[in-house]
Amino acid sequence: MPTAARIHNVADARRLARRALPRAIFDYIDGGAEDEVTMAENERAFREIALRPRMMTKIDHPRLDTTVLGTPVALPVLLGPCGLIQLMHGDGALGTARAARRAGTVSVLSTVAGTPPEALASEPGPRWFQLYAADRDVADRLMSRASASGFEGLVVTVDTPALGNRERDVRNGVAGSLKLDLRSAIRLGPQFLARPGWSLRMLRGGMKLLGRAPGTPVTDGGTEPDSPEGAPGGPVNALASAEQVVMLASPFTRDDIAWIRGRWPGPLVVKGVLSGNDALVAADLGADAVVVSNHGGRQLEGAPATMRVLAEVVDALRGRTEVLVDSGVRRGSDVIKALATGARAVMIGRPFLYGLAAAGEAGVERILEVFSDEMTRTLSLLGCPGVTDLDRSWLRGG
Ligand SMILES: Cc1cc2nc3c(=O)[nH]c(=O)nc-3n(C[C@H](O)[C@H](O)[C@H](O)COP(=O)(O)O)c2cc1C
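Quantities reported herein were computed from a predicted structural model and do not represent experimental measurements.

Student: Quick one: what's the story with the overall build of the protein chain, residue by residue and with numbers?
Tutor: Helix and strand counts for the protein chain stand at 14 helices and 10 strands. Put simply, the protein chain has 398 residues, and 59% of those count as buried. Sequence-distant contacts in the protein chain: of pairs separated by 6 or more residues, those separated by 24 or more amount to 74%. For the protein chain, the computed accessible surface area is about 15700 Å², with 53% contributed by carbon and sulfur atoms.

So, in C-alpha cells, the structure goes:
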C-alpha cells in the first residue's frame, strides 16, 4: 500500500514521519520553545471549543470554497511558510507547491525553505513568499526576486526578532550555530544511517537543492558567509545555514512594514500578531491580512494559544483586513471552529510537513484531502451549507 494511503489523519502522518526521518530532523519539525506549553495549548484551545449543530436539516454537498485576499481557494487551508523544507523530503518546496495547487489552495515559500524563489518561477500559482531579512538591503533583494518569480502575495513574519529557544534542537546539537564539523557529523551520522530511505533520497535529489547554489535566499545579501569549514552543501549544513539567518533575526519594526508596503504592490500579509492592538497597527500600516500566529509555539514560550486571541483580533479589526489563523490546527473541525470565530482561512505547518516527510508530494496532497474530508463531514453533521455560512452562532456560547 502506498505510504500516503496509510494516512487517515494528521496523527498517522506524524507517526509515519517519525519513522521516516532522522531524529534530529523529526524533532526540528515536531518541537517547540522551552517547555512546549504554548505549543500544547494551541491544540488544547481548539479542543475546548464546542460546536453547536443544527439538526433536522439536510446538507447534500457542503461547500468548502471561498476566497482569500481575492484568490479563489477550493479549501481554506493554506500551507504556511516552513524553513528547511528540503530536509523533510526530496520533493520539498516544489512538491509542496504542486500538492497545494492540485488541492486548489495557496502555498507559502519561506525565505529559509532551502529552495530559492526562482525554483518555483514556472509553477502556476497561487503562491506567496514569506520574508525574513536582517536588514532592508536583503529585504529589497528578496522582494525583487520573489516578484520576478511570480509570487503574488508577500507574508512578513513579525514574531522572529530572535530565534525561539527550541531545546530539542539544542539537545540534538542542531540549534543555531551548528556547523558541519566532525563532531556534529559523528553525532548525527548514526541517525542518518538509521534512516537509509531518507538518506538515499537526500543524496539523490535533495542535496543539489540544499547545496550552496548561487543566489539561494539563505545566502542572499551576504547575510551568511560561506561555511567557515568550507563544508559541502548537505542536510546538516543547510540546517545550520537557514537557522543562522533566523539567528541573525528578522527584527521588523513598524517603519520596516511601512517601507515594505511601499515596495510590494501585491497583497501584504503580516504573520504573527497575537492581540487586537497589533492587528490594528498592521492594518494602519497597510496590511491586507494578518495571521494570528504564535509560530506553532516555536517562538515566545508563554504566548497565548491562537484560538484564545482570535476573537479579540477579529473584533478589533471589524473587517478592515482579512484574518487568518494558524498554530495547532490538526482536524477539519478545528478549521471550522476557526472560521466560525471569524477567520477567513487557516494555515497549517506541521501537518503538511509530517505528510511531506512520510510520503513526499503525495503525502502533502493526502493531508489536504484529509482536511477536506473532515471539513465536509463536520459541516454535514453541523447542518451548515458551507464555510462562508459559518459564524459564531455555530459555536456553543456563540
Ligand atoms: C519546521 C517548521 C519551520 C517553520 N519555518 C517557518 C518559517 O521559515 N517562516 C515562518 O514564518 N514560519 C515558520 N514556521 C511556522 C509556520 O509557518 C506556522 O506558523 C506554524 O507551523 C503553525 O503551527 P502548526 O505547526 O501547529 O500548524 C515553521 C514551522 C515549522 C514547524
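Student: Any chance you could break down the nonpolar core for me, citing the residues and the numbers?
Tutor: If you look at the biggest cluster of nonpolar residues, it comprises 95 residues, and the most contacted ones within it are Val77, Leu131, Leu154, Ile260, Leu310 and Leu390. In terms of residue count, the dominant contributor to this core is helix H14 (residues 350–382) (13 residues). Sequence-distant contacts of Leu131, that is, excluding residues within four places in its chain, are made with Thr111, Ala139, Leu142, Met143, Leu154, Val155, Val156, Thr157, Phe252 and Ile260. If you look at the next biggest cluster of nonpolar residues, it comprises 14 residues, including Val73, Val291, Ala345 and Met347.

Student: Quick one: what's the story with helix H12 (residues 310–317), residue by residue and with numbers?
Tutor: Residues lying three or four places apart along an α-helix face the same way, a consequence of the helix completing one turn every 3.6 residues. Of all the residues in H12, the buried ones are Leu310, Val313, Val314 and Leu317. For H12, the buried positions fall inside an angular range of 95° around the axis, keeping them on one side. Where H12 is buried, its residues touch helix H11 (276–284), strand S8 (289–292), strand S9 (322–325) and helix H13 (332–341).

Student: Tell me about the site of the ligand, residues and numbers included.
Tutor: Residues in close proximity to the ligand total 24 residues, the closest being Pro81, Gly83, Ser110, Thr157 and Asp326. Tyr132 places a polar side-chain atom, nitrogen or oxygen, 3.2 Å from a nitrogen atom of the ligand. Of all the secondary structure elements, the ones that give two or more residues to the shell around the ligand are helix H2 (23–30) and H14. Each residue belonging to the shell around the ligand can be placed in one class, and the counts come to 9 nonpolar, 10 polar and 5 charged.

Student: Lay out the pattern of salt bridges in plain terms, naming residues and giving numbers.
Tutor: Per the stated rule, a full pass over the model turns up 27 salt bridges. Residue Glu43 pairs with Arg330 through a salt bridge whose shortest N-O separation is 3.4 Å. Of the two residues, Glu43 sits in helix H3 (residues 37–48) while Arg330 sits in the loop between S9 and H13, which places them 287 residues apart along the sequence. The closest approach of N and O atoms between Glu48 and Arg308, which form a salt bridge, is 3.0 Å. Placement of Glu48 in helix H3 and of Arg308 in the loop between S8 and H12 is noted, with a sequence separation of 260 residues between them. Arg308 gets classed as partly exposed once you look at its relative accessible area, which sits at 40%. A single network of salt bridges, built from pairs that share partners, joins Arg14, Arg23, Asp27, Asp30, Glu36 and Arg168.

Student: Describe H3, naming the residues involved and giving the relevant values.
Tutor: Under the 1.5 Å per step criterion, the end-to-end length of H3 is 16 Å for 12 residues, consistent within 8% with the ideal 16 Å. Within H3, burial applies to Thr38, Met39, Glu41, Asn42, Ala45 and Phe46. Buried residues of H3 fall within an arc of 165° about the axis and therefore sit on the same side. The exposed residues of H3 that point more than 90 degrees off its buried face are Arg47 and Glu48. If you follow the buried residues of H3, they end up packed against H2, helix H6 (167–171), H13 and H14.

Student: An account of unusual backbone geometry is requested, with residue identities and associated values reported.
Tutor: Cis rather than trans, the peptide bond between Gly125 and Pro126 has omega equal to -5°. Looking at the secondary structure, you find Pro126 in the loop between strand S4 (107–110) and strand S5 (127–131). A positive phi angle is found at Glu36, which is not glycine, with a value near 60°. Among the structural elements, Glu36 can be located in the loop between H2 and H3. A positive phi angle, near 60°, is found at Met56, a position not held by glycine. Secondary-structure assignment places Met56 in the loop between H3 and strand S1 (66–68). Relative accessible area serves as the criterion here: at 83%, Met56 is assigned to the exposed category.

Here is what the cut-offs are and how they apply
Residues numbered from 1 in each chain as written. Predicted model: local features only at pLDDT ≥ 70, side-chain atom pairs only at ≥ 80, totals over all residues. Heavy atoms only, no water. Helix = DSSP H or I, 4+ residues; strand = E, 2+ residues; numbered from the N terminus. Buried < 20%, exposed > 50% of the residue type's maximum accessible area, 1.4 Å probe, protein only. Contact = heavy atoms within 4.5 Å. Areas by Shrake-Rupley, 256 points an atom, 1.4 Å probe, with all protein chains shown as cover. Core = buried A, V, L, I, M, F, W, Y, C linked by side-chain atoms within 4.5 Å. Arc of directions from axis to C-beta. Near = heavy atom within 4 Å. Polar contact = N/O pair within 3.5 Å; in protein donor to acceptor, adjacent residues only side chain to side chain. Nonpolar A, V, L, I, M, F, W, Y, C, P; charged D, E, K, R; others polar. Salt bridge = Lys/Arg side-chain N within 4 Å of Asp/Glu carboxyl O. Expected span 1.5 Å × (residues − 1).

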